[in-house]
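Per-entry structural report
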There are 2 protein chains.
Amino acid sequence: MVLDAWNAKVNQLDKLVSELSDEQLMQEVAPGRNRGIYLLGHLTALADSIFPLLGHEKLALHLFNPFVLTPDKQTGDLPPVSELRQDWTKVKTVLAEKIAAVSPDEWFQKHTAVSEEDFAKEPHRNKLNVILSRVSHVDYHLGQLQFLKPKQ
Amino acid sequence: MVLDAWNAKVNQLDKLVSELSDEQLMQEVAPGRNRGIYLLGHLTALADSIFPLLGHEKLALHLFNPFVLTPDKQTGDLPPVSELRQDWTKVKTVLAEKIAAVSPDEWFQKHTAVSEEDFAKEPHRNKLNVILSRVSHVDYHLGQLQFLKPKQ
């Protein structure tokens, strides 16, 4: 159920991003707020950060600093939207493969950022819970990104 | 994990709503978009709609038409924000009690809006999955409602 929800959200984001032009993605989602490009980079970097939790290398490490650690409009040298679209597609595609390869039991094992001691006390800090929290996180920003589309 | 996520989202929404004044909730979250009051009513009505899926009566049936079936700003007679705040508090409080009373096994039974035939084919259409999808739905609008707070 959680993996279905993740895949559905990824597809929803993918569809929205494909419907937005590069120009639209350069706009702020609301006055004074994050731009579309920032949210796309942010969501790509956060999806990318799932890889290490499952025991894999990140694919888009270079996005973490500008799109997660740095607020929007505080760094001048963001990659172009066209490049970000490619990063997003690569991350979501490979991530889907890696997620599909995880066995049911494995989802309930601890993710790599939790110590054995903590996991013994808090067994909900497992791999599946990371995906669960990321589903919701995508939706949080989807609601904002959607403002870049003209009002129907 | 899903119930923890639901409770955390409810608390997050609750905190945000308590930090927003009635005047702030009367504002649009972005130019031409839904007002805070509409999103509060919408999220209350959708939380309320979980009751029947668990076999209980709705507590705020009167909110469904103006806040779910009707778009914002197309009906003149919305309840005052103060009343909506009370509805929200009542719904979230009673819902938390009802949710806590559901047994683990019961969560994986079909919700009342699914037929036996469909459920046999699609066992993920269970009660827990309703909560899962609502967690994400709350986050979708939380990301928008948060725009009513002054930018830090």
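My aim in this report is to walk through the structure given alongside it, one point at a time.

**What about the interface of chain B and chain A?**
Accessible area lost during the coming together of the parts is what is often quoted as the interface size. Taken together, the contact pairs 28 residues of chain B with 28 residues of chain A. The junction of chain B with chain A conceals about 2300 Å² of combined surface from both sides, 64% of it contributed by carbon and sulfur atoms. Run the count over chain B and chain A and you get zero salt bridges. In this assembly, chain B and chain A are joined by eight residue pairs in polar contact (both at pLDDT 80 or more). Every element with two or more residues in the side of chain B that touches chain A is listed here: α1 (2-19) and α9 (127-145) of chain B. Considering only residue class, the side of chain B that touches chain A consists of 13 nonpolar, ten polar and five charged.

**Let's talk about empty space enclosed by the protein**
Residues and elements named next belong to chain B. With the rule as written, the count across this model stands at one cavity of 30 Å³ or more. Considering only enclosed or pocket space, the largest cavity measures out at about 60 Å³ in volume. If you go around the largest cavity, the residues you meet are W6, V10, L43, L46, A47, I50, W88, R134, H137 and V138. Those elements that place two or more of their residues in the lining of the largest cavity are α1, α3 (36-48) and α9.

**Considerations on unusual backbone geometry**
Phi is positive for K73(A), close to 65°, though the residue is something other than glycine. Relative to the assigned elements, K73(A) resides in the loop between α5 (64-69) and α6 (81-100).

**Re the packing of helix α9 (residues 127-145) of chain A against α9(B)**
The contact between α9(A) and α9(B) brings their axes to 6 Å, and the two run at 40°. Overall, the two elements α9(A) and α9(B) adopt an arrangement that is oblique. Crossing of α9(A) over α9(B) shows right-handed handedness. Residues L132(A), V135(A), S136(A), H137(A), D139(A), Y140(A), L142(A), G143(A) and Q144(A) of α9(A) form the contact with α9(B), whose participating residues are L132(B), V135(B), S136(B), H137(B), D139(B), Y140(B), L142(B), G143(B) and Q144(B).

**Here's the deal with the pattern of salt bridges**
Residues and elements named next belong to chain A. By the definition in use, this model includes 19 salt bridges over all chains. The salt bridge partner of R85 is D22, with a shortest N-O separation of 2.8 Å. Of this pair, R85 sits in helix α6 while D22 sits in helix α2 (residues 22-25), and the two are 63 residues apart along the sequence. D22 gets classed as partly exposed once you look at its relative accessible area, which sits at 31%. A single salt-bridge network, built from bridges that share partners, covers K15, E19 and K149.

**Observations concerning α9(A)**
What sets the pattern is the α-helix's 3.6 residues per turn: residues three or four places apart point alike. Residues and elements named next belong to chain A. Over its 19 residues, α9 runs 27 Å from end to end, which matches the ideal 27 Å to within 8%, given 1.5 Å per residue. Across the 19 residues of α9, 17 count as buried, placing the element largely inside the fold. Its side-chain oxygen placed 3.2 Å from the backbone nitrogen of L128, N126 serves as the N-cap of α9.

Rules used in this analysis
Residues numbered from 1 in each chain as written. Chains lettered and ligands numbered in written order. Predicted model: local features only at pLDDT ≥ 70, side-chain atom pairs only at ≥ 80, totals over all residues. Heavy atoms only, no water. Contact = heavy atoms within 4.5 Å. Buried area = accessible area lost by both parts, 1.4 Å probe. Salt bridge = Lys/Arg side-chain N within 4 Å of Asp/Glu carboxyl O. Polar contact = N/O pair within 3.5 Å; in protein donor to acceptor, adjacent residues only side chain to side chain. Helix = DSSP H or I, 4+ residues; strand = E, 2+ residues; numbered from the N terminus. Nonpolar A, V, L, I, M, F, W, Y, C, P; charged D, E, K, R; others polar. 1 Å grid on protein atoms, 1.4 Å probe; cavity = no way out; pocket = protein on both sides within 12 Å on 5 of 7 lines; lining within 4 Å. Points joined across faces, edges and corners; volume = space filled by probe spheres on them. Axes fitted to C-alpha atoms, helices over the stretch in contact; angles between N-to-C directions. Parallel < 35°, antiparallel > 145°, perpendicular 65-115°, else oblique. Left-handed = near helix turned anticlockwise from the far one by under 90°. Buried < 20%, exposed > 50% of the residue type's maximum accessible area, 1.4 Å probe, protein only. Expected span 1.5 Å × (residues − 1).

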